[in-house]
Amino acid sequence: MTLSRRHFLGAGASFALAGCAAVGGEKPIARVVVVGGGYGGATAAKYIRNWDPRIEVTLVERNEFFVSCPISNLVLAGTKRIEDVTLPYTGLGRYGVKVVRDEVTALDFDKKQVRLARGESLPYDRLIVAPGIDFQFDKVPGLAAAESSGRVLHAWKAGPQTVALRRQLEALPNGGVFAISIPKAPYRCPPGPYERASVIAQYFKQAKPRSKLVILDANPDLVSKKGLFLKAWSDLYPNIIEYRPNSELIEFDAQRNVAKLQVEDFKADLFNIIPPQQAGRIAQPLISVNNLWVGVDFQTFESAKVPGVHVIGDATAAAPGMPKSGFMANNHAKVASDSVIALLTGAPVNREPILTNTCYSFVSDKEAVHVASVHKWDAAQKTVVPVAGAGGVSTARSALEGEYALAWARNIWSDTLG
Amino acid sequence: MSTALAASLSLAAAAQTAERPGRTWASTCAACHGSDGKAQGAIPAIAGRDAEQLYRTLLEFKNGQRPAATVMHQHAKGYADDELRRIAQAFAAQSAR
């Protein structure tokens, strides 16, 4: 305990100085701009200020509120309201984060400025880009028109589409066929579509038991938690859910409500089409992997293309076994924050990052399952890889894990937004 | 400066400059256990717990000695003992409230 006591006292002195500098309104030692206030960006903004208040942090976000994708499937099922997954950004003010509500129009790497639609350009010493995903509607003929008509929704960014899809599900007659189309991996939230199918199937079971839910999966098999989902479906929803692998959407005919798949045409009364995805388009100049994702150095999350620019969250080209999840984005943010502070202050970068992930999925209104992993730096592969022997999935679905899932949401929301 | 204020500044200070890798590794736990281990709801709060006790608990998870575990045994197996010790110390350095 002697060692930690010494740490304790040494720490006191340096904080007092930093605290005085911040209170006295002295010039910050550096400026960081964070683009995007999702699970990654908001966490990074908070943690940089938390760990080094001498750094000025500005977070640019176009939406007034944070709407969580995790738990939003329960809004579709009718067991939660959109208000339950909607949070303000005001908590970040307590950490001294400047939150600017605006649209980023360009990243100017030469001038080290972020250009905004309405406000003055924001200069930075280091930039964190956390734009999440954008959809590739144009990859599927007919999809863009179907989406813009409002008849076919993705609801894969929680918000107005979540509420609108819930209304469509309520309007579906008993006996109606509802189809969920899943794109080829990688996409945001690997188990998300299967959770969505599970909790909507429970709604059907209670409210419209003659209805069917067909999963049209572009992938050759379930991408995540396969055994747990298949067991839940056969135990709980045997006459409702039908799973079809290798069912990539090739074209969509909005006139006839028909999905053209590789092997067949599939007609349903209501479609929920999750489109193919890529890094958010504001990160386009940083994209370096498959023309879709941003390659980063996982020790610092610095872009492979532009020095001084760090990219976190779903927009990154994932390391092996790394999911695009809110939890993972929150963890990216912490490694990136620590590195950004080190690089701005001349301290050594931690060359042994550890990232973790736990994704809970509800399979009914009360019961949930999880998948967990721990990711560490591998010097030979020069990336982070899942630790062999660690991680895994639930032994069985349970109400206890349902409680943990809801507690997880409260805690990560508070960890992300202050 | 009042004793209470001095104490709270010192605690905040510990959060500021606790050993950096340990602090950063511990922060990854916050997604479930709350910022600095101050959890709400069904997940246990771990801020301000005794470092030795936390470390022993993590080792028990790692060694499969906690049969009721749902996920922590899967996480704990991903860390070296020394990493678990430093994570435990980072949470012990936080105030419980």
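S.K.: Could you give an account of the overall build of chain B, with specific residues and numbers?
M.R.: Across its full length, chain B carries 5 helices and 0 strands. The order of helices and strands in chain B, counted from the N terminus, is α-α-α-α-α. Counting over 97 residues, chain B shows a buried share of 45%. Counting only carbon and sulfur atoms, one obtains 56% of the accessible surface of chain B, whose full area is about 4300 Å².

S.K.: Report on the nonpolar core, specifying residues and quantitative values.
M.R.: Core analysis: the biggest nonpolar cluster contains 117 residues, and Val114(A), Phe178(A), Leu213(A) and Trp233(A) have the highest contact counts within it. Other than its neighbours up to four places away in sequence, Val114(A) contacts Val33(A), Val35(A), Val104(A), Ala106(A), Leu107(A), Ser121(A), Leu122(A), Tyr124(A) and Leu127(A). Val374(A), Ile46(B), Tyr55(B) and Leu59(B) belong to the second-largest nonpolar core, a separate cluster that totals 16 residues.

S.K.: So what's going on with helix α3 (residues 51–62) of chain B? Residues and values would help.
M.R.: Residue and element names in this part refer to chain B. Compared with the 16 Å implied by 1.5 Å per residue over 12 residues, the 16 Å span of α3 between its first and last C-alpha is a close match. Those residues of α3 not exposed but buried are Ala51, Leu54, Tyr55, Thr57, Leu58, Leu59 and Phe61. Those residues of α3 that are buried lie in contact with α4 (72–76) and α5 (81–92). A side-chain oxygen of the first residue of α3 lies 3.2 Å from the backbone nitrogen of glutamate 52; this N-cap is aspartate 50.

S.K.: I'd like a rundown of the sheet that holds strand β12 (residues 212–217) of chain A, residues and numbers included.
M.R.: Residues and elements named next belong to chain A. Pairing is parallel in the open sheet, where 4 strands are placed in the order β13-β12-β11-β17. Sheet topology places β13 (241–244) and β17 (270–273) at the edges, where each strand pairs with a single neighbour. Strand-to-strand twist across the sheet, computed as the mean angle between neighbouring axes with direction ignored, equals 15°.

S.K.: Provide a residue-level description of the pairing of β17(A), including the pertinent values.
M.R.: All names here are of chain A. Covered by surrounding structure in β17 are Leu270 and Asn272 together with Phe271 and Ile273, the residues of both alternating faces. Of the pairings in the sheet, the one linking strand β11 (residues 177–182) to β17 comprises 4 bridges and is parallel in character. Residue pairing in the sheet places alanine 179 in a bridge with phenylalanine 271 of β17.

S.K.: Hey, could you go over the pairing of strand β6 (residues 104–108) of chain A for me, with residue numbers and the actual values?
M.R.: All names here are of chain A. When you tally the buried positions in β6, you get 4 out of 5 residues, the bulk of the element. Sheet analysis places β6 next to strand β7 (residues 113–116), joined by 4 bridges and oriented antiparallel. Across the sheet, aspartate 108 pairs through a bridge with glutamine 113, a residue of β7. Two successive antiparallel strands, β6 and β7, enclose a turn made up of 4 residues, where lysine 112 displays a positive phi of approximately 55°.

S.K.: I'd like a rundown of the pattern of salt bridges, residues and numbers included.
M.R.: Applying the stated criterion across every chain yields a total of 32 salt bridges over all chains. Ionic pairing is found between Arg244(A) and Glu264(A), a salt bridge with its closest N-O pair at 2.7 Å. Linking Arg244(A) in strand β13 with Glu264(A) in the loop between β15 (258–261) and β16 (265–267), this pair joins segments that are 20 residues apart in sequence. Close ionic contact of Arg86(B) with Asp82(B) constitutes a salt bridge, the shortest N to O distance being 3.2 Å. With Arg86(B) and Asp82(B) both in helix α5, this residue pair falls 4 residues apart, about one helical turn. Judged by relative accessible area, Asp82(B) falls into the partly exposed class, the value being 42%. One continuous salt-bridge network, built from bridges that share partners, spans Lys231(A), Asp235(A), Glu367(A) and Arg397(A).

S.K.: Tell me about the interface of chain A and chain B, and name the residues and values.
M.R.: Between chain A and chain B, the residue contacts involve 53 residues of the former and 38 residues of the latter. Counting the surface lost from both chain A and chain B, the interface buries some 3700 Å², and carbon and sulfur atoms represent 56% of this. Along the contact surface separating chain A from chain B lie 3 salt bridges. In this structure, the salt-bridge partner of Lys376(A) is Glu83(B), at a minimum N-O distance of 2.7 Å.

S.K.: Pulling in residues and values, what's your account of the packing of helix α8 (residues 326–345) of chain A against helix α2 (residues 20–33) of chain B?
M.R.: Relative orientation of the contacting elements α8(A) and α2(B) amounts to 155°, with a least axis distance of 9 Å. Of the possible angle classes, the one that applies to α8(A) and α2(B) is roughly antiparallel. Where α8(A) crosses over α2(B), the two elements pack in a sense that is right-handed. Side by side, α8(A) and α2(B) meet where Phe327(A), Asn330(A), Asn331(A), Lys334(A), Val335(A), Asp338(A) and Ala342(A) of the first sit next to Arg20(B), Arg23(B), Thr24(B), Ser27(B), Thr28(B), Ala30(B), Ala31(B) and Cys32(B) of the second. Grouping the amino acids of the contact of α8(A) with α2(B) by side-chain chemistry returns 6 nonpolar, 5 polar and 4 charged.

S.K.: Can you explain the sheet that holds strand β8 (residues 122–123) of chain A? Please cite residues and give values.
M.R.: Judged by pairing direction, the sheet is antiparallel, and its 3 strands sit side by side in the order β6-β7-β8 (chain A) without closing on themselves. In the strand order of this sheet, the two ends are held by β6 and β8 of chain A, each with one partner.

S.K.: Can you explain the packing of aromatic side chains? Please cite residues and give values.
M.R.: Residues and elements named next belong to chain A. The tally for this structure, following the rule as stated, stands at 13 aromatic pairs over all chains. Pairing phenylalanine 178 with phenylalanine 204 gives two aromatic rings, centres 6.2 Å apart and planes at 80°, and the pair type is edge-to-face. Of this pair, phenylalanine 178 sits in strand β11 while phenylalanine 204 sits in helix α6 (residues 192–207), placing them 26 residues apart in sequence. Since its relative accessible area comes to 0%, phenylalanine 204 is described here as buried.

S.K.: Just give me the short version of the environment of Arg23(B), but keep the residues and values in it.
M.R.: Residues and elements named next belong to chain B. For arginine 23, the position within the fold is in helix α2. Using a relative accessible area of 9% as the deciding quantity, one classes arginine 23 as buried. For the pair formed by arginine 23 and glycine 48, sequence separation is 25 residues and the distance between their alpha carbons is 14 Å.

S.K.: How would you summarise the environment of Tyr89(A) if you had to cite specific residues and measurements?
M.R.: All names here are of chain A. Inspection of the secondary structure puts tyrosine 89 in the loop between β4 (86–88) and β5 (98–101). Classification of tyrosine 89 by relative accessible area gives buried; the value is 7%. Along the sequence, tyrosine 89 and leucine 343 sit 254 residues apart, while their C-alpha atoms lie 27 Å from each other. If sequence neighbours within four positions are ignored, tyrosine 89 has contacts with Gly37, Leu59, Glu61, Asn63, Glu64, Phe65, Phe66, Val99 and Leu417. Within the structure, tyrosine 89 has its side chain in polar contact with the backbone oxygen of glycine 37 (distance 2.6 Å).

S.K.: Tell me about the packing of α2(B) against α5(B), and please be specific about residues and values.
M.R.: All names here are of chain B. Packing of α2 against α5 leaves a shortest axis separation of 8 Å and a crossing angle of 80°. Taken together, the axes of α2 and α5 lie roughly perpendicular to each other. For the pair α2 and α5, contact is made by Pro21, Gly22, Arg23, Trp25, Ala26 and Cys29 and by Glu83, Arg86, Ile87, Ala90 and Phe91, respectively. Looking at the contact of α2 with α5 residue by residue, the classes come out as 7 nonpolar, 1 polar and 3 charged.

The rules we used
Residues numbered from 1 in each chain as written. Chains lettered and ligands numbered in written order. Predicted model: local features only at pLDDT ≥ 70, side-chain atom pairs only at ≥ 80, totals over all residues. Heavy atoms only, no water. Helix = DSSP H or I, 4+ residues; strand = E, 2+ residues; numbered from the N terminus. Buried < 20%, exposed > 50% of the residue type's maximum accessible area, 1.4 Å probe, protein only. Areas by Shrake-Rupley, 256 points an atom, 1.4 Å probe, with all protein chains shown as cover. Core = buried A, V, L, I, M, F, W, Y, C linked by side-chain atoms within 4.5 Å. Contact = heavy atoms within 4.5 Å. Expected span 1.5 Å × (residues − 1). Polar contact = N/O pair within 3.5 Å; in protein donor to acceptor, adjacent residues only side chain to side chain. Pairing = 2+ DSSP bridges. Axes fitted to C-alpha atoms, helices over the stretch in contact; angles between N-to-C directions. Salt bridge = Lys/Arg side-chain N within 4 Å of Asp/Glu carboxyl O. Buried area = accessible area lost by both parts, 1.4 Å probe. Parallel < 35°, antiparallel > 145°, perpendicular 65-115°, else oblique. Left-handed = near helix turned anticlockwise from the far one by under 90°. Nonpolar A, V, L, I, M, F, W, Y, C, P; charged D, E, K, R; others polar. Phe/Tyr/Trp six-rings, centres within 6.5 Å; stacked < 30°, edge-to-face > 60°.

The values are spatial; any link to function lies outside them.
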